[in-house]
Amino acid sequence: MDLNLDTLKREIVEYLDSGGFAVFHSSPGALEGLPMVLWDTQRYPDYQLFLEVARKSGTAVMLFATREFESADIDELVERLNESSLPRDERREYESRLREMRIYEGVTCSLELAFDYNSRLYVYEVQPDWYEEFLNLEEEITSRFAEENGGDAGDSLGGYFSKN
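Presented here is an overview of the structure given in this document. Please read these numbers as outputs of a predicted model, since none were measured by experiment.

Quick notes on the rules
- Residues numbered from 1 in each chain as written.
- Predicted model: local features only at pLDDT ≥ 70, side-chain atom pairs only at ≥ 80, totals over all residues.
- Heavy atoms only, no water.
- Pairing = 2+ DSSP bridges.
- Helix = DSSP H or I, 4+ residues; strand = E, 2+ residues; numbered from the N terminus.
- Axes fitted to C-alpha atoms, helices over the stretch in contact; angles between N-to-C directions.
- Contact = heavy atoms within 4.5 Å.
- Buried < 20%, exposed > 50% of the residue type's maximum accessible area, 1.4 Å probe, protein only.
- Arc of directions from axis to C-beta.
- Polar contact = N/O pair within 3.5 Å; in protein donor to acceptor, adjacent residues only side chain to side chain.
- Salt bridge = Lys/Arg side-chain N within 4 Å of Asp/Glu carboxyl O.

### Remarks on the sheet that holds strand E3 (residues 61–68)
Here is step 1: Read across the sheet, 5 strands follow the order E1-E3-E4-E5-E2 without closing on themselves; strand pairing throughout is mixed. Each edge of the sheet is formed by a strand with only one pairing partner; in this case those strands are strand E1 (22–25) and strand E2 (36–38). The sheet shows a mean angle of 30° between the axes of neighbouring strands, direction not considered.
Here is step 2: Two elements, strand E4 (residues 108–117) and strand E5 (residues 120–126), share 7 bridges in a ladder whose sense is antiparallel. Counted as the bridge partner of Ala114 is Val123 from E5.
Here is step 3: Sheet strands in contact with helix H1 (residues 5–18) are E1, E3, E4 and E5, and its direction is about 30° off that of E4.

### Concerning helix H2 (residues 47–56)
Quick reminder: α-helices carry 3.6 residues per turn. Residues three or four places apart thus point the same way.
Here is step 1: When H2 is considered as a whole, its buried residues turn out to be Tyr47, Phe50, Leu51 and Ala54. The arc that holds every buried residue of H2, seen down its axis, measures 95°, which confines them to one face.
Here is step 2: Sitting at the amino-terminal end of H2 is Asp46, which places a side-chain oxygen 2.9 Å from the backbone nitrogen of Gln48.
Here is step 3: One or two residues past the end of H2 sits Gly58, with phi positive at roughly 90°.

### A look at the pattern of salt bridges
Here is step 1: Across all of its chains, the model carries 6 salt bridges by this definition.
Here is step 2: For the salt bridge of Arg55 with Glu52, the shortest nitrogen-to-oxygen distance reads 3.4 Å. With Arg55 and Glu52 both in helix H2, this residue pair falls 3 residues apart, about one helical turn.
Here is step 3: Owing to a relative accessible area of 30%, Glu52 belongs among the partly exposed residues under this scheme.
Here is step 4: Beyond isolated ion pairs, a larger network of salt bridges with shared partners links Asp75, Arg102 and Glu105.

Here it is in structure tokens:
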């Protein structure tokens, strides 16, 4: 979904406030490793439907987290490329694709809403198409780096979010 999450973020905050939800501003990715159920944002992208489920379940507190795309996200991948022994043409191709991503610096790249019900977190998470492309590019570079080094290339930047 190619969304403007900055606009959506403002809209959701207003909706939560007018809907009487208490908003707990969470850290992005803080839900990793917890038992959760993900909302199908592909078929049901309307956050209001998700919040209606929360309301009907008696939820009063909504977790809310967003993340902005940072230059460091790109810089770390460029650094990996510089340390690699990839062929020059291939490295240039990756660098070019990463340069194109710089226009998104400072733009919201992930938005999460979540509520607890019966010891499970119910989560609404969206990311724009361009960020999905970045995560795929990151995965490509990380796997190429791992191949060169014969194994683990370390943690990826996308570890904060599920890549669904």
